[in-house]
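# Structure at a glance
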Amino acid sequence: MTYNNVIYKIRLNRDRSKRMPTSISMEEAALLGCNPSESMDEVELKNIQLSFPSPRTLTRGPGLATEDRIETKFGTILIGIQGDRSKPAILTYHDIGLNYVSNFQAFFNFVDMRLLLQNFCVYHVNAPGQEEGAATLSDAYIFPTMDQLAEQILEVVSHYGLKRIVGFGVGAGANILCRFALSYPDKVDALCVLNCLSTQTGWIEWGYQKLNARTLRSKGAMTQGVLDYLMWHHFGNMNEERNHDLTHVYRQYFESQVNPTNLGMFIDSYIRRTDLDITRELDPMRKKDVRTIQMSVLNVTGALSPHVDDTVTFNGRLDPVNSTWMKIQDCGMVLEEQPAKLSEAFRLFLQGQGYGMRVF
């Protein structure tokens with residue numbers, strides 16, 4: 001055998017080793033939907049379908065919740081109900097610029113929260129005129145104060161015959177739920193609040209927000225200044241490591257899906273908020289004489305949130321016996337950026353309130 005013949009046989013063997021196998025295993029046959037005895041050359045990939053993820057949206061998805069409209073002494077509000085009404089109640093309240101769909105839809109559809117929803121019924125409360133596709137509130141309408149928004153919650157609780165609730169609020173909604181808990185402690189089992197402010201508006205915040213509210217109401221359109229403020233309010237300072245797809249979705253939502261006039265009214269009410277006027281009192285003999293939140297509180301913020309210092313101030317005014325402060329790393333908008341960590345913390349918090357043996 002010559003040298004050239006040897007080289008030719010080596011190359012021929014290499015070419016054969018690169019060919020596709022002529023037969024397939026039972027597992028491969030099941031995946032491809034063909035007979036194991038068939039040659040791979042004869043297999044047609046007609047059972048393989050390409051699928052693409054649907055684009056993220058903040059609009060209401062099918063089957064999210066049933067919706068009711070309730071007449072209150074401060075106007076009509078929309079309530080979204082998710083789950084079995086015979087189960088214990090969780091009542092949510094959203095932040096400024098959002099509604100129950102854009103604020104809570106993704107979180108309560110998260111896989112860990114779906115398991116929790118099998119054991120609770122969630123009542124989502126919308127502030128007046130903040131729901132999806134809301135008509136512009138008339139100039140004659142007087143938007144409720146923060147205390148009056150808390151009073152609306154009592155009407156919701158009475159309407160559905162709820163004896164006690166677990167409050168779950170974000171930002172402005174967290175402040176409203178705290179006011180409700182202070183006025184009606186017998187109606188609230190526990191509170192989970194995110195980015196909650198307990199003080200009245202500072203001068204800088206008041207001036208900036210007042211300008212935003214006036215611009216929204218006078219122009220009836222979202223301006224760049226208001227848009228930048230809303231992005232900062234929810235996400236904090238942006239950098240290259242943040243989820244740009246998520247922030248892009250929210251930016252588009254604020255630009256096109258929010259009623260500017262109605263939002264201006266809500267912002268104006270928020271900046272007129274009064275101090276919660278709560279005090280931490282460690283003396284057991286004097287605790288009953290001070291104004292404080294009596295039920296357990298899970299006080300949560302994100303490490304990148306602009307409201308970290310406000311939550312620390314709030315935590316310093318709570319009773320350390322029944323309050324927990326939690327800062328979650330690598331996020332500003334906890335519900336969207338770290339849903340797994342928050343859902344686990346919320347589940348453990350509910351277990352600590354006595355729900356664990358009954359529902360988990």
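Structure: see above.
First, a word on what this report is: a plain description of the structure on this page.

Rules and cut-offs
Residues numbered from 1 in each chain as written. Predicted model: local features only at pLDDT ≥ 70, side-chain atom pairs only at ≥ 80, totals over all residues. Heavy atoms only, no water. Phe/Tyr/Trp six-rings, centres within 6.5 Å; stacked < 30°, edge-to-face > 60°. Helix = DSSP H or I, 4+ residues; strand = E, 2+ residues; numbered from the N terminus. Buried < 20%, exposed > 50% of the residue type's maximum accessible area, 1.4 Å probe, protein only. 1 Å grid on protein atoms, 1.4 Å probe; cavity = no way out; pocket = protein on both sides within 12 Å on 5 of 7 lines; lining within 4 Å. Points joined across faces, edges and corners; volume = space filled by probe spheres on them. Nonpolar A, V, L, I, M, F, W, Y, C, P; charged D, E, K, R; others polar. Contact = heavy atoms within 4.5 Å. Axes fitted to C-alpha atoms, helices over the stretch in contact; angles between N-to-C directions. Parallel < 35°, antiparallel > 145°, perpendicular 65-115°, else oblique. Left-handed = near helix turned anticlockwise from the far one by under 90°. Pairing = 2+ DSSP bridges.

## A word on the packing of aromatic side chains
This structure, assessed with the given rule, holds 17 aromatic pairs. Arranged with centres 5.0 Å apart and planes meeting at 70°, the rings of Phe168 and Phe346 form a pair that is edge-to-face. Here Phe346 lies in helix H13 (residues 339-359) and Phe168 lies in strand S5 (residues 165-170), a separation of 178 residues in the sequence. Pair check on accessibility: Phe168 and Phe346 agree, each one buried.

## Brief notes about unusual backbone geometry
Look at Asn195: it is not a glycine, yet its phi comes out positive at around 55°. Mapped onto the elements, Asn195 comes out in the loop between strand S6 (188-194) and helix H7 (203-219). For Asp330, which is not glycine, the phi dihedral falls at a positive 60°. Note that Asp330 resides in the loop between strand S8 (323-328) and helix H12 (334-337).

## A word on the layout of surface pockets
Taken as a whole, the largest pocket holds about 270 Å³ of empty space. Lining of the largest pocket is provided by 15 residues; of these, Leu197, Gly202, Glu205, Trp232 and Asp310 occupy positions nearest its centre. Secondary-structure elements contributing two or more residues to the lining of the largest pocket are H7 and helix H8 (224-235). Classifying every residue of the lining of the largest pocket gives 7 nonpolar, 5 polar and 3 charged.

## Considering the side chain of Arg179
By the secondary structure assignment, Arg179 is in helix H6 (residues 172-183). Arg179 has contacts with Met146, Asp147, Ala150, Arg273, Thr274 and Leu276, leaving out every residue within four places of it along the chain.

## As for the packing of helix H5 (residues 146-159) against H6
Interhelical geometry of H5 versus H6 gives an angle of 70° and a closest axis separation of 8 Å. In this view, H5 runs roughly perpendicular relative to H6, as classed from their interaxial angle. As H5 runs across H6, the sense of the crossing is right-handed. Within the contact between the two elements, H5 uses Met146, Asp147, Leu149, Ala150, Ile153, Leu154 and Val157 and H6 uses Ala172, Asn175, Ile176, Leu177, Arg179 and Phe180. Its residues assigned to classes, the contact of H5 with H6 shows 10 nonpolar, 1 polar and 2 charged.

## Regarding the sheet that holds strand S7 (residues 296-302)
On the basis of which strands lie adjacent, the open sheet formed by 8 strands has the order S1-S2-S4-S3-S5-S6-S7-S8 and mixed pairing. Every other strand in the sheet has two partners, leaving strand S1 (66-72) and S8 as the edge strands with one partner each. In this sheet, neighbouring strand axes are inclined to one another by 20° on average, regardless of whether the strands run parallel or antiparallel. Each of S6, S7 and S8 is contacted by helix H11 (residues 308-316), which is oriented at about 160° to S7, the strand it contacts most.

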